[in-house]
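Architecture at a glance
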There are 2 protein chains.
Amino acid sequence: MQLISGGVCAAKGFKAGGIHCGIRKNRTKKDLALLVSDVPASAAALYTTNLVKGAPLTVTKEHIADGIAQAVICNSGNANTCNADGIEIAEKMSDLTAEVLGIKASDVVVASTGVIGQPLYIDPIAAALPALAKNLNYEGSPDAAEAIMTTDTIDKQVAVEFTLGGKVCRLGGIAKGSGMIHPNMATMLVFLTTDAAIDSKLLHKALHSDISDTFNMLSIDGDTSTNDMVCILANGMAGNEKITEENEDFAVFMKALNTVTVQLCKLVAGDGEGATKLLECLVSGAKEKQIAKTVAKSVICSSLLKAAMFGADANWGRVLCAIGYSGAQVDVNKIDVAFRSAKGTIEVCKDGAGIDFSEEIAKEILLEKEIEILVNLNDGDKEACAWGCDLTYDYVKINGDYRT
Amino acid sequence: MQLISGGVCAAKGFKAGGIHCGIRKNRTKKDLALLVSDVPASAAALYTTNLVKGAPLTVTKEHIADGIAQAVICNSGNANTCNADGIEIAEKMSDLTAEVLGIKASDVVVASTGVIGQPLYIDPIAAALPALAKNLNYEGSPDAAEAIMTTDTIDKQVAVEFTLGGKVCRLGGIAKGSGMIHPNMATMLVFLTTDAAIDSKLLHKALHSDISDTFNMLSIDGDTSTNDMVCILANGMAGNEKITEENEDFAVFMKALNTVTVQLCKLVAGDGEGATKLLECLVSGAKEKQIAKTVAKSVICSSLLKAAMFGADANWGRVLCAIGYSGAQVDVNKIDVAFRSAKGTIEVCKDGAGIDFSEEIAKEILLEKEIEILVNLNDGDKEACAWGCDLTYDYVKINGDYRT
């Protein structure tokens, strides 16, 4: 399992591109991404659990019902959500994409991200599609990754290489953050591709299973978006024997998928709106996996802890507090807490009570850009990890006037 | 039902006081409050549901089990939580208070608020108690209200006068905010007093019932504190016929209680850490009361909406988004949203979709200090209200380095 470059185009037979079509006012910012497989691919997707759903999700769900897709069209700058004509526009996006690519409209995945409740017009998209399709290429991952960004400050691309039955396969993807991130059954927009051959039912199973430990353990601000979607296309062009059961190859595939999704989680969390730090909460010693997950997510979601981390303040009482209200049944008198970064590790709480520690060393550790909050429940051997970021002035600034 | 002055001392026979004893470094800030009834009173209290509980809560729970209390001792600056000797210290606080007042230790309610996980020393409290007891007086509400403040910028006192069987009664209270506020079965520290005579079981019932619509509908930052407590003492000195059943008098009492608690909620929310605005989310047209409550609380808790309100940005899509992920079963296509303030009302969403509105007028309305977010689910006749505040730079500033 090796990290490679190429992002969403690392797998064989996937082209991508991105263009500025005019949905955004800023002409230097790409706002329309296109991703295409040379051949129809097995496809699976998961969506937000928010009852308010972006119109593109409804259309995508329909198109992907047969387990096959070949292209993804995605705009940023407008979520196409809470619009009376939303479905109609999403269908038009799909139809026009199919037309320009010469594929079936029912094989197109449609996605949108941006402001909720503002009309999305088809004209700029229609006008830009021919040029976008013409410029698609096998090194197009950076362009597509950029075109799906909203308040993201960096594009997010990850890929790995692995072997199935002697055949070299690749799995990669792109993601966008960076606000309204508290995925539930899916995340913001994540598009994954692989050239491994895998049955679409197993592909769905792999995605579903992986996400509960990756994107569903990620939170920037506690707000579950209306447009979350994670989608994977597997075009089989690596030539491996098609995975049709939960065998050893499936396990390797799951590992590849997890490697990519965990990296994407870290990239999304570290680039959370206004974030200066990536936070990882590692919970160990849990009686049950679900307890570890509940505790990790509660800690990572605490506004108070997030603000303390921004200030590099080793306020471990807020970790205990967030564990206490998480809803998980834990023995608070057994809990140990430590903070870890590239600068070292410092223990701050033992058996649920404070211990003497050097505030100076703690500060030095917490001034780093990647902070691990280590919680040991000392009650079993199950573990979990959750990802988030600090709460900063810039989060408030970005969201105080997002629409203008 | 008339609002009167006097706060927690408005009711007959209640003295209070506050003093700087030295728990806080800032000598101009009072940090120890004492409240005493001339006679033993019926008492009821509710506590945080956080599994990590302040030691004072354990002691108070024990003392109040018989439904009787006569005094409240409360320090700020230190939560006495996650300390190995916490219970011992809380018991000493209670013993010393009883001694100086000449009452039973088992009739003392103990509370602490402030930093979690730092040792609380009894010495400064012991040294200050005699002077504090000596200076207790029937106009002492402001001193006590000040002494329980942490990051609060204003003290919080409310009282009402009402009549039970021809007898004039009073009910008042003090509260503190202003961070780690997301009460669950209780709130931060709220001390209520009344001179109405009421059986302690009914007092508990009244408090329990009231709180589900008041303090439990309040959120500053989504963090449920370890030290939440709301406590009420009823000393019967108004001379009304003791309330021992759910009769008309009980209904009047409930109304008086609700008037005070709603006002305290607004005071706490409006003075949330860093807040520049009080937010009220009024949900109407719900099929069930619980749906209205879930929706109201989800809206008021959304970091994104809170930041938008800080920026006076009519980003109603975030209201819809927060309704959608609230978990309440609603028909999103029926939802209307409007914003209201002293400057007027503006409708921004009808039937779940955006409508044309003047951004200029919306801005003018949202620049006010008290904003109502009006949500009509158009699906029934049940209502609920939740209180919160905007998310600002100062929230981050206050919590980036709270301990120093």
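A brief report on the enclosed structure follows. Predicted model, so just to flag it, every value in this text is computed and none were measured. (Residues numbered from 1 in each chain as written. Chains lettered and ligands numbered in written order. Predicted model: local features only at pLDDT ≥ 70, side-chain atom pairs only at ≥ 80, totals over all residues. Heavy atoms only, no water.)

1. Thoughts on the relation of the copies chain A and chain B
- Note on the identical chains: chain A maps onto chain B by a rotation of 180° and an axial translation of 0.0 Å, with an RMSD of 0.0 Å. Look at the turn and shift together and you get a two-fold axis relating the two. Distance from the rotation axis, computed per C-alpha, reaches its smallest value in chain A at tyrosine 393 of chain A: 2.5 Å.
- When the interface residues of chain A are mapped onto chain B, 100% of them again lie at the interface, so the same face is used by both copies. (Least-squares fit on C-alpha atoms with pLDDT ≥ 70 in both. Contact = heavy atoms within 4.5 Å.)

2. Digging into the sheet that holds strand 12 (residues 344-350) of chain A
Residues and elements named next belong to chain A.
- The mixed open sheet is built from 6 strands, whose spatial order is 13-12-11-14-10-15. Looking at the sheet topology across the chains shown, the edges are occupied by strand 13 (353-354) and strand 15 (382-389).
- Where strand 11 (residues 336-341) lies against strand 14 (residues 370-376), 5 bridges are found, and the strand directions are antiparallel. Residue pairing for strand 14: arginine 340 is matched across the bridge by glutamate 372. (Pairing = 2+ DSSP bridges. Helix = DSSP H or I, 4+ residues; strand = E, 2+ residues; numbered from the N terminus.)

3. Comments concerning the pairing of strand 7 (residues 167-175) of chain B
All names here are of chain B.
- Most of strand 7 sits inside the fold, with 7 of its 9 residues counted as buried.
- Two elements, strand 6 (residues 156-164) and strand 7, share 9 bridges in a ladder whose sense is antiparallel. By the bridge assignment, threonine 163 is partnered in strand 7 with valine 168.
- Hairpin remark: strand 6 followed by strand 7, antiparallel, with 2 residues in the connecting loop; positive phi at glycine 165, about 55°.
- The pairing of strand 7 with strand 8 (residues 189-194) spans 5 bridges and is classified as antiparallel. Considered in strand 8, the bridge of isoleucine 174 is made with phenylalanine 191. (Buried < 20%, exposed > 50% of the residue type's maximum accessible area, 1.4 Å probe, protein only.)

4. Quick look at a negative patch on the surface
Residue and element names in this part refer to chain A.
- Together, Glu62, Glu91, Asp95 and Glu99 make up a negatively charged patch on the protein surface.
- When residues in the negative patch are grouped by element, the largest group, 3 residues, is from helix 2 (residues 86-101).
- Structurally, aspartate 95 can be placed in helix 2. (Patch = residues over 30% accessible without salt bridge, like charges linked within 9 Å, V, L, I, M, F, W, Y side chains within 5 Å. Areas by Shrake-Rupley, 256 points an atom, 1.4 Å probe, with all protein chains shown as cover. Salt bridge = Lys/Arg side-chain N within 4 Å of Asp/Glu carboxyl O. Lys, Arg positive; Asp, Glu negative; His and termini not counted. Charge placed at Lys NZ, Arg CZ, Asp CG, Glu CD.)

5. Digging into helix 9 (residues 317-324) of chain A
- A large share of helix 9 of chain A lies buried, amounting to 8 of its 8 residues.
- The inward-facing, buried residues of helix 9 of chain A abut helix 7 (289-301), helix 8 (303-310), strand 11, strand 12 and strand 14 of chain A together with helix 11 (393-400) of chain B.

6. Quick notes on unusual backbone geometry
- The backbone phi angle of asparagine 378 of chain A is positive, close to 50°, even though this residue is not glycine.
- In this structure, asparagine 378 of chain A sits in the loop between strand 14 and strand 15.
- Among the residues examined, asparagine 378 of chain A registers a relative accessible area of 34% and is labelled partly exposed.
- With phi around 60°, cysteine 82 of chain B is a residue other than glycine that occupies positive phi space.

7. Digging into the packing of helix 11 (residues 393-400) of chain A against helix 8 (residues 303-310) of chain B
- With their axes 7 Å apart at the nearest point, helix 11 of chain A and helix 8 of chain B run at an angle of 75° to one another. By the angle between their directions, the pair helix 11 of chain A and helix 8 of chain B is classed as roughly perpendicular. Counted together, Tyr395, Val396, Asn399 and Gly400 of chain A of helix 11 of chain A and Ser303, Leu304, Ala307, Ala308 and Phe310 of chain B of helix 8 of chain B form the full contact between these two elements.
- The class makeup of the residues in the contact of helix 11 of chain A with helix 8 of chain B is 6 nonpolar, 3 polar and no charged. (Axes fitted to C-alpha atoms, helices over the stretch in contact; angles between N-to-C directions. Parallel < 35°, antiparallel > 145°, perpendicular 65-115°, else oblique. Nonpolar A, V, L, I, M, F, W, Y, C, P; charged D, E, K, R; others polar.)

8. Quick word on the environment of alanine 342 of chain B
- Residue placement: alanine 342 of chain B occurs in the loop between strand 11 (336-341) and strand 12 (344-350).
- Put simply, alanine 342 of chain B and alanine 144 of chain B are 198 residues apart on the chain and 33 Å apart in space, counted from C-alpha to C-alpha.

9. Concerning the interface of chain A and chain B
- With 54 residues of chain A in contact, the opposing surface of chain B contributes 54 residues.
- Applying the counting criterion to the chain A and chain B interface returns 0 salt bridges.
- Applying the counting criterion to the chain A and chain B interface returns 18 residue pairs in polar contact (both at pLDDT 80 or more).
- Within the residue set of the side of chain A that touches chain B, elements represented by two or more residues are helix 8, helix 9, strand 13, helix 10 (359-366) and helix 11 of chain A.
- The class makeup of the residues in the side of chain A that touches chain B is 25 nonpolar, 19 polar and 10 charged. (Polar contact = N/O pair within 3.5 Å; in protein donor to acceptor, adjacent residues only side chain to side chain.)

10. Considering the environment of cysteine 82 of chain B
- As for its position among the elements, cysteine 82 of chain B is in the loop between strand 4 (68-78) and helix 2 (86-101).
- Accessibility expressed as a relative area gives 12% for cysteine 82 of chain B, which makes it buried.
- On a C-alpha basis, the gap between cysteine 82 of chain B and glycine 236 of chain B in space is 37 Å, while along the polypeptide they are 154 residues apart.
- Apart from the residues within four sequence positions on either side, cysteine 82 of chain B is in contact with Trp316, Leu320, Gly352, Ala353 and Gly354 of chain A together with Val52, Ile116 and Gly117 of chain B.

11. Thoughts on the pattern of salt bridges
- For the structure shown, the criterion picks out 30 salt bridges over all chains.
- Between aspartate 213 of chain B and lysine 293 of chain B there is a salt bridge, with its nearest N and O atoms 3.3 Å apart. Residue aspartate 213 of chain B is found in the loop between helix 5 (200-211) and strand 9 (229-234), and its partner lysine 293 of chain B is found in helix 7 (residues 289-301); the two are separated by 80 residues along the sequence.
- Assessed through its relative accessible area of 30%, aspartate 213 of chain B is described here as partly exposed.
- One salt-bridge network, in which partners are shared between bridges, spans Lys30, Asp143 and Glu146 of chain A.

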